[in-house]
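So the chains spell out like this:
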Amino acid sequence: IIRKIKSLCIRPFELKKATNLLQHRGPDAEGFYFSDDEKVGLGHRRLSILDLSTSANQPMFSSNGRYVISYNGEVYNFQELKRQLNDKRASLKTTSDTEVILELFAEQGTSCFKNFNGMFALAIYDLQEKVLTLCRDHAGIKPLFIYHDENDFIFSSELKVIKAIKENQLSINKSAIPYFLHLGFIPHPLTIYNNIEKFPAAHYLQIKINTTGFTDINSAITPFWNIELQIEKNSITDETAAKKVLNNLLFDSVEKQLISDVPIGTFLSGGVDSSLVTAIAGKVSNQKINSFSIAIDDGRFNESKYATQVATYLHTHHREFIVKEKEVLELIDTLIPAYDEPFADSSALPTMMVSRLAKKHVTVALSGDGGDELFMGYGMYVWAKRLAEKWVSPARQVLSAASKLMNDKYRRAGNLFDYSHKKNIKSHIFSQEQYFFKGKELDEILINEKFDFEKINSGRSAVRKLKEEEQQSLWDFNYYLPDDLLVKVDRASMHYSLETRVPLLDYRVVEFAFNLDSKLKMNGKTMKYLLKEVLYDYVPRQVFERPKQGFSIPLNKWLKTDLSYLLEKYTSREIIERHNLLHYPIVKKIKKQYIAGYDYLFNRLWVIIILHWWLEENNIQA
């Protein structure tokens, strides 16, 4: 916290109480720093991963006493970075990455951030110059929220901390609600609250404490890396050379991310991405790899037999957690408090379950997140190409209208043809692949809020003109990954004090992937082509010759059975009209269509449920 109200200081109990709300993120130690005038306060909860001694606890002071750091995450190349230090290597007191980061910043300032390879959100306070520096990693793996008004600047890993400090002072950010209904998550920089923002990935901020206010914060947020600027004029087309480079990058990334002073394992779903991470981990580790999978007793959603097949081939120490649907459903009440704002990705439930079970055996787990977005593993990329074809534009309204007379599969597909503006096509494709509300539907259902999705659909152009499927992939990297998938994994795993690492999102792999020709990602009907070719060197091809499944739950079925009580309660006239965001007759119509057999509408109802459930639980009138 930084406080500029002349009559008030930061009260130690206030910061300690708020920091304790993050005990799940750091159960092993706590620490605090307060400036002499008590206008600056740092709080930290530690999950001990590297150097388990108390010397590595935070906040940590630099050797010269000038800087103090509070930091969340891991910088995997800290041993290499240590060699950059001029004269402090011999005097380092710990074997932690925290100390290396701090001493490097003391020598190089903000220029060191671009060289950090890892997942991190950090705050460093300069006691001499009275400057606070914040920074977040390249891909936005670790969360960072900021609050600012005229008198206070607060940052935190989770919204609940800021909410506790600014109790009864926060108001709903109504402009975020159309985005949530459209995407199932709230994209950065927005949050559900006014005055609180998601700090952007690959950026840093420096605040001079003695200046007069915090109103110009956003103009001071500075990028240290930008994926669009890493895209080169000519894409990589040589398959043999590309495969070798990718293989080497992945080996180096996984090897770095296996560094730990506590037990470590991998999430192994049986899909391409997690299998590749596990296979490489087995090659570079000098110990047998722990691997974990979850089996929900609904055969449609169970890939565990494939995970077991891969684990057997790779000789991992594999644990398959077989859970009843009822056990997963029992986690439903943890969604709202764990995610702090409306969040509609229902795969959070199995992610929480496998995290809870894995934590009994390890403290760190590697996951395969990022492979689909970087190497084109989704149907969204096929749709991006399809909707760009010349014949589609004049025929799309006819196709959309005709689909309404057909079965559920074609009705859903028809929605992809029914977009309002080509300029918003990327978020539209995502939205309709996920079954959420399209722009025209939002015009009907929203009572007051005006919206324009142009901002999230426009971005910095690259030196090479990107194909439609590449643009869609880039959109996913900039929004779907940091604001949905990585949020899902971070909150779910850290809820049980489990650190999850994502080797495929090493920034060097990201840069390579966006310079790879799309034909080496989508080769005919083969998605993630090059990634699979690397994998097949370690696990037989035939193991993966099956339809893509995904890590999900039977939400559609549950809304008609076990979770029908949520559907009835949070789409009721009483609750919908109490919050006055949506037209109740439209909500009623959608529910009626869904019950009549329009199954693809289930996620539209789910976002309505989650939104109003969150409003009710937080006792906030919109």
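Relevant structure appears above.
These lines cover the structure that appears in this document, whether it is placed above or below. Bear in mind the structure is a predicted one, so any value in this text is a computation, not a measurement.

1. So, the pattern of salt bridges
Part 1 of the argument: A full pass over the atoms with the stated rule returns 37 salt bridges.
Part 2 of the argument: When the shortest N-O distance is used, the salt bridge between aspartate 490 and lysine 142 registers 3.4 Å. Remark: lysine 142 occurs in the loop between strand S7 (131-136) and strand S8 (145-148) and aspartate 490 occurs in helix H20 (residues 468-494); sequence separation between them is 348 residues.
Part 3 of the argument: On the accessibility criterion, aspartate 490 (6% relative accessible area) is buried.
Part 4 of the argument: On the basis of relative accessible area, lysine 142 is assigned to the buried category, the value being 2%.
Part 5 of the argument: Each member of the salt-bridge network shares a partner with another, and the members are Arg25, Lys142, Glu158, Lys160, Asp340, Asp490 and Arg491.

2. Considerations on the environment of proline 263
Part 1 of the argument: By the element assignment, proline 263 lies in the loop between helix H7 (239-257) and strand S13 (264-267).
Part 2 of the argument: According to the relative accessible area criterion, proline 263 is partly exposed, its value standing at 44%.
Part 3 of the argument: When the C-alpha atoms of proline 263 and isoleucine 610 are compared, they prove to be 35 Å apart, with 347 residues separating the residues in sequence.
Part 4 of the argument: Apart from the residues lying within four places of it in its own chain, the contact partners of proline 263 are His361, Val362, Thr363 and Val364.

3. Side note on helix H15 (residues 392-403)
Part 1 of the argument: In a regular helix each residue adds 1.5 Å, so 12 residues correspond to 16 Å; H15 covers only 14 Å between its end C-alpha atoms and thus falls short of that length.
Part 2 of the argument: Three or more residues of H15 are buried, namely Val392, Arg396, Ser400 and Ser403. Angular distribution of buried residues about the axis of H15 spans 70°; they occupy a single face of the element. Of the exposed residues in H15, the ones pointing more than 90 degrees away from its buried face are Pro394 and Val398.

4. Focus on unusual backbone geometry
Part 1 of the argument: In the segment running from glutamine 58 into proline 59, the intervening peptide bond is cis, with an omega of -5°.
Part 2 of the argument: The omega torsion across histidine 188 and proline 189 is 5°, close enough to zero to call that bond cis.
Part 3 of the argument: Despite not being glycine, asparagine 580 has its phi angle at roughly 55°, a positive value.
Part 4 of the argument: Under the relative-accessibility criterion, asparagine 580 is labelled partly exposed at 45%.

Calculation rules
- Residues numbered from 1 in each chain as written.
- Predicted model: local features only at pLDDT ≥ 70, side-chain atom pairs only at ≥ 80, totals over all residues.
- Heavy atoms only, no water.
- Salt bridge = Lys/Arg side-chain N within 4 Å of Asp/Glu carboxyl O.
- Helix = DSSP H or I, 4+ residues; strand = E, 2+ residues; numbered from the N terminus.
- Buried < 20%, exposed > 50% of the residue type's maximum accessible area, 1.4 Å probe, protein only.
- Contact = heavy atoms within 4.5 Å.
- Expected span 1.5 Å × (residues − 1).
- Arc of directions from axis to C-beta.

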